[in-house]
Amino acid sequence: MANEDQFKKVISHAKEYGYVFQSSEIYDGLSAVYDYAQNGVELKNNIRNYWWKAMVQMHENIVGIDAAIFMHPTTWKASGHVDAFNDPLIDNKDSKKRYRADVLVEDYCAKIEAKIEKEVKKATKRFGDAFDKAQFLQTNPRVLGYQEKIDSILSRLGKSLENEDLADVKNLIEELEIADPLTGSKNWTDVKQFNLMFGTKLGASAENAMDLYLRPETAQGIFVNYLNVQKSSRLKIPFGIAQTGKAFRNEIVARQFIFRMREFEQMEMQFFIKPGTQKEWFEHWKEHRLKWHLSLGLGEDNYRYHDHEKLAHYADAATDIEFRFPFGFKELEGIHSRTDFDLKQHEEYSGKKLQYFDPESNEHYTPYVLETSIGLDRMFLAVFSNSLVEETLPNNTTRTVLKLPAVLAPTKAAVLPLVKKDGLPDIAKKIVEDLKWDFNVIYDEKDAVGRRYRRQDAAGTPFCITVDHDSLDDNSVTLRHRDTMEQSRVKIEDLSTIINNEVSVKNWLKG
Ligand code: ATP
């Protein structure tokens with residue numbers, strides 16, 4: 001399936017099976033805002049819990065908080081968002097479409113990168129088992145040429161953005177002859193900066209109203225609370241504070257379903273460390289976070305690190321964990337070494353000391369911070385898009401399966417009486433009553449059992465439990481596995497243990 005078709009299929013499947021709906025659809029929707037439906041909310045909760053378990057509950061030195069979306073407006077002055085949370089935008093004069101200038105250039109580089117991948121594929125075919133990919137990438141003249149081109153473009157883009165040289169960003173777009181992806185027009189406006197924060201007002205009367213922002217990231221709620229948490233928890237450095245919650249950004253280009261939304265959810269952890277130790281912690285969290293991703297079994301080849309050329313104003317090192325979405329490799333999670341920038345800024349703007357007293361070295365210092373920040377909705381899209389497959393079966397029919405990792409699946413099992421009579425529904429309902437204490441399970445008696453299986457396959461349910469006439473005598477049922485379609489006969493009393501073994505967070509996280 002072509003990637004674009006696959007992506008369309010993902011979006012329509014998400015709607016058809018109750019995962020994601022366009023917000024306010026009856027009013028033709030609101031651009032880049034989405035609602036999670038009955039299955040979507042379960043999947044989203046499960047992803048959030050999987051993260052929370054791994055990041056908070058499995059670490060003695062990490063605790064969670066839930067800060068408010070509204071914060072004192074000076075927060076955003078101090079953090080640099082009022083002055084610097086901008087994206088460079090460019091308009092196409094013919095199509096009137098608006099783009100992020102840096103993304104146009106990055107997409108251009110992604111095309112060159114696709115050429116490298118093509119060369120690798122060709123060489124893999126030619127050399128077979130003897131093929132050494134690392135050596136090929138380091139020595140093949142054509143690949144080296146492509147890579148050099150990418151490096152020089154990205155390094156120039158990085159420098160121009162850092163120096164706020166927007167004229168040069170436009171020059172770069174023109175020199176590379178980048179065209180509007182939708183129309184092919186190369187008639188561009190100048191590049192301008194655009195602040196991404198949403199503003200709102202607090203207060204009843206217009207004169208006394210206070211200008212507020214909807215938070216564009218959850219991190220600042222952690223920074224302003226770090227000393228409160230440290231003192232009330234008596235945690236010692238190194239320690240972390242985590243939270244999940246909504247963030248809002250007035251994104252310029254938001255055309256990729258839940259990949260880039262104007263209202264989205266982040267899962268962030270700020271790790272407070274001794275200055276000078278940031279390099280080792282950066283490496284530690286890079287590795288640790290990738291391990292978390294890999295534990296879900298979406299395929300090692302679908303992840304890669306991307307070190308930043310252009311560092312944000314607060315960072316001394318940054319890397320993205322990128323995922324292979326249906327539209328290519330894109331950022332899924334960011335890992336940033338934020339130095340003491342945020343805490344120092346808050347000290348300056350609030351006039352309050354935010355220093356930590358280190359009982360071991362007997363000194364006061366402002367901690368450095370290592371951040372891991374992942375978009376919950378992006379993670380949802382990564383899991384969902386990767387799981388949706390169309391299989392051709394041995395009898396040449398096809399089936400659509402949503403192979404969600406069982407630990408994240410919204411419904412763990414569907415309980416199906418083979419027929420709607422002879423006491424089978426009673427047994428099935430009793431199984432539902434027992435299992436629902438521990439798992440999200442459903443009862444379904446409508447249609448032939450084969451169709452019910454297909455429906456559950458497409459909805460992502462890892463198990464179907466079928467009650468038939470033999471169940472009346474042997475207290476057993478047929479357990480069908482979604483991915484292999486294998487069926488086995490199991491005792492009703494063993495169901496809970498079998499399912500738990502396959503869906504428990506512990507078993508998945510431990511690997
Ligand atoms: P991008 O470069 O894609 O705009 P970013 O570098 O601005 O992302 P961060 O500020 O590092 O993103 O935010 C951390 C994480 O939050 C990202 O890795 C991403 O998963 C998620 N995220 C950021 N912006 C959005 C958005 N508009 N919609 C959904 N998720 C987002």
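What you see as residue numbers is a count from 1 along each chain, following the sequence as written. pLDDT decides what is reported in this predicted model: residues at 70 or higher carry local features, side-chain atom pairs at 80 or more are listed and counted, and totals for whole chains, interfaces and linings draw on all residues regardless. With hydrogens and water excluded, all non-hydrogen atoms of the structure serve as input to the side-chain values.

Q: Looking at this model, I keep getting lost on unusual backbone geometry. Mind explaining?
A: In most cases, non-glycine residues show a negative phi, while peptide bonds are predominantly trans. Cis geometry marks the peptide bond from I237 to P238, where omega comes out at 5°. A helix here means a DSSP run of H or I that spans at least four residues, while a strand means a run of E at least two residues long, and both kinds are numbered starting from the N terminus. Topologically, P238 is positioned in the loop between α10 (226–233) and β9 (239–248). Phi is positive for M485, close to 65°, though the residue is something other than glycine. Counting through the fold element by element, M485 comes out in the loop between β22 (476–481) and β23 (487–491). Accessibility here uses a 1.4 Å probe with only protein chains present; expressed as a share of the type maximum, an area under 20% marks a residue as buried, one over 50% as exposed, and anything in between as partly exposed. With relative accessibility at 28%, the residue M485 sits in the partly exposed group.

Q: Even after reading the chapter, I still don't get the pattern of salt bridges, so can you show me in this structure?
A: Opposite charge on two side chains lets them pair, provided their charged atoms get close. Think of a salt bridge as a Lys or Arg side-chain nitrogen and an Asp or Glu carboxyl oxygen that are within 4 Å of each other. For the coordinates displayed, the defined rule picks out 40 salt bridges. A salt bridge links K170 to E174, with the shortest nitrogen-to-oxygen separation between them at 3.9 Å. Within this pair, K170 and its partner E174 are both found in helix α8 (residues 166–175), separated by four residues, close to a single helical turn. With relative accessibility at 15%, the residue K170 sits in the buried group.

Q: Sorry, what's going on with helix α17 (residues 495–503) here?
A: Structurally, the α-helix is built with 3.6 residues per turn, so residues lying three or four positions apart point the same way. Taken residue by residue, α17 has L495, I499 and V503 as its buried positions. Along the axis of α17, the buried positions cluster into a sector of 40°, meaning they face one direction only. Pairs of residues are marked as contacts when any of their non-hydrogen atoms sit within 4.5 Å. Tucked inside the fold, the buried residues of α17 contact β19 (413–417), α14 (424–435), β21 (463–467), β22, β23 and α18 (505–510). The arc in question is formed by the directions pointing from the helix axis toward the C-beta atoms.

Q: Looking at this model, I keep getting lost on the side chain of E371. Mind explaining?
A: Of note, E371 is situated in strand β16 (residues 368–375). For E371, a relative accessible area of 2% corresponds to the buried category. Under this definition, polar contacts are N or O atom pairs within 3.5 Å; protein pairs additionally need one hydrogen-donor-capable and one acceptor-capable atom, and for neighbouring residues in sequence, both atoms have to be side-chain atoms. At 2.6 Å, the side chain of E371 forms a polar contact with the side chain of H336.

Q: Would you explain the pairing of strand β4 (residues 86–91) in this entry?
A: The side chains of a regular strand alternate, first on one face of the sheet and then on the other. For β4, a buried count of five out of six residues is recorded, marking the element as mostly surrounded by other parts of the structure. With four bridges connecting them, β4 and strand β6 (residues 192–195) associate as antiparallel partners. Looking across to β6, one finds that L89 is bridged to K192. Two strands pair if DSSP finds at least two bridges between them. In the sheet, β4 pairs with strand β5 (residues 98–100) via three bridges, with the strands oriented antiparallel. Bridging across to β5, L89 finds its partner in R100. Turn length for the β4-β5 hairpin, with the two strands adjacent in sequence and antiparallel, is six residues, and the turn residue K96 shows positive phi of about 65°.

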